[in-house]
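In case you want the letters, here they are:
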Amino acid sequence: MVQIPNTPTSADVARLAGVSRATVSYVLNNTSAVRISEPTRRRVHEAARELGYVPHAAARSLRAGHSRMVLMPAPAVPVGPLYSRFLDELQQELGRLDYTVVQYGTVGLHGDEAARAWAELRPVAVLVPGAELGPRGVEVLKRSGARAVVTLGPVRVDGAHALLMDHDAVGRCAGAHLYAGGRRRIGVVVPEEPGLEVYSRPRLAGVREALRGTDAAVTELPLAYTEQAAAQLAARWREWGLDAVFAYNDEYAMLLMRALQDEGLRIPADVAVTGADDLMLGRLLRPRLSTVHIDLPSGRDLAELVDRAVRDPGGEPEVHQVLGASVIGRESS
């Protein structure tokens, strides 16, 4: 029979470190109200590591009156490297502020139903990407104890803090860039993958807005993210007579650019190509890919917004415009 070792306690850590249990609690809970010397902090952390002691999250939540869990529903749509880097930075900054970040899979859950599932975990804050949360869902989360609900998307939701991302601006930049380069018959890729319309439709609208009142024409180009779909689109290019394309993002631009070249079309002589996101791989292509550089919000700024909201849950919801866009013209356009 295997004997299960006793679970180490904070008293064990205190004995090994030569400090009180209160000091162990102050150190491991990052309590800022009590000053603890750096050597003492190191002794406590070393003792905890040696014993394999892990603070009890539920007990800590009871003492604090709330958890330290920040719930981030996993995006229901494919996210590229740019957004992934932003999420990594955000998680690091929340960890620095002593929050535990948990990603929650939301496959098959939408709107208020998803909010109820998130609420069951009793997070202290919820960060919701996209546009799937409504005012009722915000209320459900707050009633369950969430002190902060923050949405990242194109519109504001009543009761929640909002980081507004203006994807129209991405399209406006791309459209103006292609027009300034002398292009007048401009295609705009609209991905067929479900869920991406929350980003692709505003980008298409932005191109149309940039070219409104000019002699340019805009053609919507639905495209699945497959080589076959790109080849089929490229095969009809001469029929449409398009001389430029804003391909939604760099990944779709690279996919389509290869297919256009396989059709014998020269880039940029026959077709100017522009993407978005400014991925490193786009700089390695030949010709190098023109792109719209997107400035996402700082992970540190968002983490500090969450912390402010947790500390002052009755405060007025903050609203910030956080997405910046600028064209980086390269050889493909």
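Everything discussed here concerns the structure shown above.
Below is a summary of the structure that appears in this document. (Residues numbered from 1 in each chain as written. Predicted model: local features only at pLDDT ≥ 70, side-chain atom pairs only at ≥ 80, totals over all residues. Heavy atoms only, no water.)

Let's talk about the overall build of the protein
- Secondary structure summary: the protein contains 14 helices and 12 strands in total.
- Within the protein, buried positions represent 47% of all 333 residues. (Helix = DSSP H or I, 4+ residues; strand = E, 2+ residues; numbered from the N terminus. Buried < 20%, exposed > 50% of the residue type's maximum accessible area, 1.4 Å probe, protein only.)

Examining the packing of aromatic side chains
- Under the criterion given, the structure shown has three aromatic pairs.
- With 5.7 Å between their ring centres and 85° between their planes, tyrosine 248 and tyrosine 252 make a pair best called edge-to-face. This pair shows no difference in class: tyrosine 248 is buried, exactly as tyrosine 252 is.
- Over the aromatic face of tyrosine 179 sits the side chain of arginine 184, whose NZ or CZ is 3.6 Å from the ring centroid. (Phe/Tyr/Trp six-rings, centres within 6.5 Å; stacked < 30°, edge-to-face > 60°. Lys NZ or Arg CZ within 6 Å of the ring centre and 35° of its normal.)

Quick word on helix H9 (residues 197-211)
- With 15 residues, H9 should reach 21 Å at 1.5 Å per residue; the first-to-last C-alpha distance of 21 Å fits that figure.
- Residues of H9 that are buried in the fold lie against helix H8 (167-180), strand S6 (185-191), strand S7 (217-223), strand S8 (244-246), strand S9 (272-276) and strand S10 (290-295).
- At the C-terminal side of H9, glycine 213 shows a positive phi close to 85°. (Expected span 1.5 Å × (residues − 1). Contact = heavy atoms within 4.5 Å.)

What to know about the nonpolar core
- Val70, Leu90, Leu94, Leu127, Phe246, Leu302 and Val306 are the most contacted members of the largest nonpolar core, which has 43 residues in total.
- Other than its neighbours up to four places away in sequence, leucine 94 contacts Val70, Tyr99, Val101, Leu127, Ala303 and Val306.
- In terms of nonpolar packing, the next biggest core, distinct from the first, is built from 28 residues, Leu221, Ala224, Ala247 and Val271 among them. (Core = buried A, V, L, I, M, F, W, Y, C linked by side-chain atoms within 4.5 Å.)

Overview of the sheet that holds strand S5 (residues 161-164)
- If you walk across this open sheet you meet the six strands as S2-S1-S3-S4-S5-S11, and the pairing is parallel. On the outer flanks of this sheet lie strand S2 (100-104) and strand S11 (319-321), each paired with one strand and no other. Sheet twist, expressed as the mean angle between neighbouring strand axes with direction ignored, is 15°.
- The pairing of strand S3 (residues 125-129) with strand S4 (residues 148-153) spans five bridges and is classified as parallel. The partner of valine 128 across the bridge, within S4, is threonine 151. (Pairing = 2+ DSSP bridges. Axes fitted to C-alpha atoms, helices over the stretch in contact; angles between N-to-C directions.)

Overview of the sheet that holds S10
- If you walk across this open sheet you meet the six strands as S7-S6-S8-S9-S10-S12, and the pairing is mixed. The open sheet terminates on both sides in strands that have one partner only, identified here as S7 and strand S12 (324-328). This sheet shows a mean twist of 20° between the axes of neighbouring strands, independent of strand direction.
- Across seven bridges, the pairing between S6 and S7 is parallel. Of the residues in S7, the one forming a bridge with valine 190 is proline 222.
- In the packing of helix H12 (residues 250-262) onto the sheet, the strands contacted are S6, S7, S8, S9 and S10, and the crossing angle to S9 comes to about 155°.

Observations regarding unusual backbone geometry
- Isoleucine 267 connects to proline 268 through a cis peptide bond whose omega is 10°.
- Summarising the element assignment, proline 268 is placed in the loop between H12 and S9.
- That bond from arginine 286 to proline 287 is cis: its omega, 0°, falls within 30 degrees of zero.
- Within the secondary structure layout, proline 287 lies in the loop between helix H13 (280-284) and S10.
- In this structure, aspartate 98 takes a positive phi of about 70° despite not being glycine.
- Position of aspartate 98 among the secondary structure elements: in the loop between helix H5 (81-96) and S2.
- The class of aspartate 98 is buried, set by a relative accessible area of 17%.
- If you check the backbone angles, arginine 122 has positive phi at about 55° while not being a glycine.
- Residue position: arginine 122 is located in the loop between helix H6 (111-119) and S3.

So, the side chain of serine 144
- Among the structural elements, serine 144 can be located in the loop between helix H7 (135-143) and S4.
- Classification of serine 144 by relative accessible area gives buried; the value is 16%.
- Polar side-chain contacts of serine 144 include one of 2.7 Å to the backbone oxygen of leucine 141.
- Look past the residues within four positions of serine 144 in its chain and what remains in contact with it is Ala119 and Arg122. (Polar contact = N/O pair within 3.5 Å; in protein donor to acceptor, adjacent residues only side chain to side chain.)

Describing the environment of valine 319
- The topology assignment puts valine 319 in strand S11.
- According to the relative accessible area criterion, valine 319 is partly exposed, its value standing at 35%.
- In this structure, the C-alpha to C-alpha distance between valine 319 and valine 150, residues 169 residues apart in sequence, is 9.5 Å.
- Ignoring sequence-local partners within four residues, the contact set of valine 319 consists of Arg156, Ala162 and Leu164.

What about the pattern of salt bridges?
- Overall, the coordinates contain 19 salt bridges when judged by the stated rule.
- A salt bridge links arginine 172 to glutamate 209; the shortest N-O distance between them is 3.6 Å. Taken as a pair, arginine 172 in helix H8 and glutamate 209 in helix H9 lie far apart in primary sequence, 37 residues in all.
- What makes glutamate 209 partly exposed here is its relative accessible area of 38%.
- As a salt-bridge pair, arginine 185 and aspartate 243 come within 4.0 Å of each other at their nearest N and O atoms. Taken together, the residues span a long stretch of sequence, with arginine 185 in strand S6 and aspartate 243 in the loop between helix H11 (237-240) and S8 at a distance of 58 residues.
- On the basis of relative accessibility, which here comes to 42%, the residue arginine 185 falls in the partly exposed class.
- Within the structure, one salt-bridge network assembled from shared partners comprises Glu93, Arg96, Arg300 and Glu304. (Salt bridge = Lys/Arg side-chain N within 4 Å of Asp/Glu carboxyl O.)

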